[in-house]
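Residues per chain, in single letters:
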Amino acid sequence: MSDVTITLPAFAKINLTLRVLGKRADGYHDLDTIFQTISLQDTIEISPLDQPHIILSCNDRSLSVGEDNLVIRAARTLQDGRASSKGARIHLEKRIPVQAGLGGGSSDAAVTLIGLARLWDLSLAREDLVTIASQLGADVPLFLSGGTARGTGSGDKLELLADWSEKFLLIVKPNANVNTSDAYKALDERSLTTHNSKTILSTSVAKRIFDRVDFASLTNDFEVVAFDLAPEIRRAKGALLKAGANAALLAGSGSAVFGLFDSEDAQRRAIQAIELETGWRVFPCRTVGRSEYQAAIPLC
């Protein structure tokens, strides 16, 4: 067992497109989405313990560090049956806002798997890690590869795509929060009660070929319900567009919104121009391609 502390970044993600295709018999929804990793990141520090305990600490005291934390769950899943005699001390330095649709918890879990596999000298193939990651959450496998990827099924079936060209972003996290289950429920109800024969869910079939992502193709089926559940999110999107973003979109199921810019200069001008309401937080960042991602978080 290594006695060296392992420090790894845990990058956030946005969804360049997010289409909800319909509800399955098992209660989950089929999605068709394009993920993109971005430079906004948490930091995971992992060091060994000489006892088989998992101890988690975090700079954000609002987050649980108990068994319900996805980092602990990831460690337990890897420990059970593979490293039952080994332990670790994990510190999570949280920067990605929670309940924002940016995948922070999933990224933390995936990076914990990678870091512990290295710390504990486990010989795990990528396929093994993907299987474990899929058990933890639908978008956890994304963070084993990074870059631009298409997700289908519940989002866990990944097709790695050619990386999108580098873009600069501003992420705005308003005060509002949208519970993911509430967003799905509202989307289902809106679809069922619409008088249009082409309902939201049945017409949300994504394009079969994602060989070109541009500003015009950005879409998120959750926007229509997120804006109704929390109008503050609509105002955040409007603030980004008013500040000069080429496009702006809800992140995941919310509540953060991101704006896209062609250059760092345009991003800086927008930071100066954006009109923020009290309590809103803004995070400047950029897209992170797969080669950069994997260099920062190697699997072995």
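See the structure shown above.
Read on for a plain summary of the structure. What you see is a predicted model; the values in this text were computed from it and never measured.

**Quick notes on the pattern of salt bridges**
The final tally for this structure, using the stated rule, is 13 salt bridges. Across the salt bridge formed by Asp108 and Lys94, the nearest N and O atoms sit 2.9 Å from each other. With a gap of 14 residues between them, Asp108 in helix H2 (residues 104–119) and Lys94 in the loop between strand E4 (87–93) and H2 connect regions that are remote in the sequence. Owing to a relative accessible area of 2%, Asp108 belongs among the buried residues under this scheme. Between Lys242 and Glu275 there is a salt bridge, and its shortest N-O distance comes to 3.2 Å. Here the residue Lys242 occupies a position in helix H7 (residues 231–242), and Glu275 occupies one in the loop between helix H8 (264–273) and strand E11 (281–286), the gap between them amounting to 33 residues. We classify Glu275 as partly exposed; its relative accessible area is 48%. Salt bridges linked by common partners bring Asp32, Arg150 and Glu159 together as one network.

**Thoughts on unusual backbone geometry**
Note that the residue after Gly254, namely Ser255, is joined by a cis bond; omega there is 20 degrees. Here Ser255 shows up in the loop between strand E9 (247–250) and strand E10 (257–261). Residues other than glycine seldom take positive phi values, yet Gln99 does so here, at roughly 50 degrees. Along the polypeptide, Gln99 turns up in the loop between E4 and H2. Residue Gln99 is classed as partly exposed on the basis of its relative accessible area, which comes to 48%.

Definitions and cut-offs
Residue positions are given per chain, counted from 1 along the sequence in the order it is written. With the structure being a predicted model, the display of local features is reserved for residues of pLDDT at least 70 and the display and counting of side-chain atom pairs for 80 or more, all residues being used for whole-chain, interface and lining totals. Calculated side-chain values reflect all of the structure's heavy atoms, with hydrogen atoms and water omitted. Put simply, a salt bridge is a Lys or Arg side-chain nitrogen that is within 4 Å of an Asp or Glu carboxyl oxygen. Put simply, DSSP H or I for four residues or longer makes a helix, DSSP E for two residues or longer makes a strand, and each gets a number counted from the N terminus. Only protein chains enter the accessibility calculation, which uses a 1.4 Å probe; a residue whose area is less than 20% of its type maximum is buried, one above 50% is exposed, and one in between is partly exposed.

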